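# Working through the structure, step by step
Listed below, chain by chain, are the residues.
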Amino acid sequence: MTIRNFDEIDEKYYYGGKLGAIYSRHQTEFRVWSPCADKVKVRLYPDGEDSSPIAVVNMKCKGGVWSAVVCDDLDGVYYTYEIHIDGEEFETIDIYAVTAGVNGKRGMVLDLSDAEPDGWQLDEPVTLEKYTDAIIYELHVRDFSIDRSGHFRNKGRFLAFTETGITNDMGDEIGLDYIASLGVTHIHLLPVFDFATVDESSSLPQFNWGYDPLNYNVLEGSYSSDPFDGEVRVREFRQLVMACHRKGIGVIMDVVYNHTYNTENSAFSKTFPYYYYRLWEGNYSNGSGCGNEFASERKMARKYIIDSLCFLAETYKLDGFRFDLMGLLDIETLNRAAEKLRRINPDIILYGEGWTGGGSPLDDSLRAMKHNIRKLPEFAVFSDEFRDTVKGSVFNDEATGYVNGGSSYDKAQLIKASLCGWVGHQQVMNGSIADSACQIVNYVEAHDNLTFFDKLILSMKGASDWDLIAADKLGAALVFFSQGIPFIQAGQEFLRSKPLPGGGFDHNSYNSPDSVNSIKWNRLTNYREPQQYYAGLIAIRRKFAEFRLRYGAEIRALISFRDLENGAFIAYIGRFMLVVNPHGHELKVQATGDVYADKSSASATPLYHVEGEAVCGRRSVLLVKIK
């Protein structure tokens, strides 16, 4: 295959119009951009898998875009493109397909209005005044409902989110009802687009996180009740979104535009070889660690990402996007996308991983990296500094952080920087990353690496259950009392764990079985005390604006610090005094006011009143409203 001058291709053949299957009741126009193809045909099929075509239609080229009009109602008809280029012939799904048959082999022409559940026209995304008002709960669709301890009817499927009155084995409320009661504002769903490594035609148990993209605009069929019918997955995901919105919960989609699962065999390569991927010294660059990188800076690749995001946001009324390995995408593409997405949903939230998985030929100044976040005013990035400072490096099981035995003045300085949203503060050195706390996501646990509780077990050898839970609660308090966007993984609040059958814990459960990954809903009952503590922290954050500040000037004006001993300190946050004690002994301080959080409890209503001497328990916080 020929590697061309893609800058010249962009200048000569950029196309700003609509691509894909443009449907109406009377006709469908198919458009595909492949400027160097010799011949293109559209092949129509009665189903999404094995049948022979019912028609093959020649397409005509104008300005690099091949098109054909079929005058008939093609709703429900499946299709592919047959592309001839450089002496080779490829059959491929349309990269702009809105849905597909089983395993994403063939696109499906769909009247999207026919896939609307009752009430869809009245459904609206949630409102979000500012990013720091969000409380994000990361969740995997299959994890949510597949475990035997959750009595769901639609196990492992989108529709499990629509079920109400679901309980665990002890009769406690779980599912979406429980998530709403916890007080989070958004659920972040691990990839629900069509990914490659789960066979949708099989009923055998299969698992993957989904960071192996196949078709970006198509939903994952294994989460639907019928993966063979492309309409079903659209309707059922919309039902999930509606169920969340009715409870005041936004839905954030995890998107993975930085790479595709396949390279030479991907729909992008078959449509236009090499164009959509970065090349480095004649080979595919691999900053993703997955074999390729999407060349987001090329004009039609940029257009594809923006078109895809806008399609998903409009079609599914989404409340946000989380970008995997965002550092491999270019800043201009993301800023243009944000501008268009805000026209669709002014309250949409956008954030991602501000790093890469390896070296990339994309110039550092152009990358959507954490150190470039000031160039991305509508985006937030995960704070790995906060994560590793709190619990120790994720790359070393036994490494300790601030809450689990490694407290120090230096670590305390980083914790203070986090409490200030990393916007810079006169009492904190080297604590400036962003211009606004809205650009920082604070977390200690996500799907990657050990769960927080498993990390504590491995790094606090011989610690009592009390000390382990105390360290967990202290870490949670730092997440929710820090300026920025708090983020937790589903089940973190009841000490989620991923033990392996032979001992130890799973570091990277991307394709581990349900026995490892599923949410063990009985833990909600067994670990009610930490769960209630998390709920109390969430309630405090939602009630008091001091913990949801936005700009550097107001943060610097309202927050100050006083050091105590060996990394312990007091943070004065508006009307509140927050004592932070990472040590294995109590600290006594002078305080007068109502206590909202201590070593045992957290609540949006006062727990008790102190006057004079107050005690901050070991490995805990003491939050006092003093004004």
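This section reports on the structure supplied with the text. Note that the structure is a prediction, hence the values are computed from the model and not measured.

## Notes on the pattern of salt bridges
Per the stated rule, a full pass over the model turns up 39 salt bridges. The residue R496 makes a salt bridge to D143 at a minimum N-O spacing of 3.0 Å. With R496 in the loop between β23 (485-489) and α12 (514-517) and D143 in helix α2 (residues 141-146), this residue pair connects regions lying 353 residues apart in the sequence. A salt bridge links E293 to R278; its shortest N-O distance comes to 2.7 Å. Of this pair, E293 sits in the loop between β16 (283-284) and α6 (299-316) while R278 sits in the loop between α5 (267-271) and β15 (279-280); the two residues are 15 residues apart in sequence, bridging distant segments of the chain. R278 shares its class with E293; the two are buried. A network of salt bridges, in which partner residues are shared, links R25, D73, D111 and D114.

## Let's talk about the sheet that holds strand β1 (residues 20-23)
Two pairing modes exist for strands in a sheet, parallel and antiparallel, and in both the strands are linked by backbone hydrogen bonds. Strand order in this open sheet of 4 strands is β1-β2-β6-β5, and the pairing throughout is antiparallel. Each edge of the open sheet carries a strand with a single partner, namely β1 and β5 (60-62). Strand-to-strand, the axes of this sheet are offset by a mean angle of 25°, without reference to chain direction. Relative to strand β6 (residues 65-70), β5 is paired through 3 bridges, and the arrangement is antiparallel. Of the residues in β6, the one forming a bridge with K62 is V65.

## Things to note about unusual backbone geometry
Notably, K317 is not glycine yet its phi reads approximately 50°, a positive angle. Summarising the element assignment, K317 is placed in the loop between α6 and β17 (320-323). Residue classification places K317 among the buried residues on the basis of a relative accessible area of 14%. In this structure, N566 is a non-glycine residue whose phi angle is positive, near 50°. Judged by its relative accessible area of 59%, N566 falls in the exposed class.

Cut-offs and rules
- Residues numbered from 1 in each chain as written.
- Predicted model: local features only at pLDDT ≥ 70, side-chain atom pairs only at ≥ 80, totals over all residues.
- Heavy atoms only, no water.
- Salt bridge = Lys/Arg side-chain N within 4 Å of Asp/Glu carboxyl O.
- Helix = DSSP H or I, 4+ residues; strand = E, 2+ residues; numbered from the N terminus.
- Buried < 20%, exposed > 50% of the residue type's maximum accessible area, 1.4 Å probe, protein only.
- Pairing = 2+ DSSP bridges.
- Axes fitted to C-alpha atoms, helices over the stretch in contact; angles between N-to-C directions.

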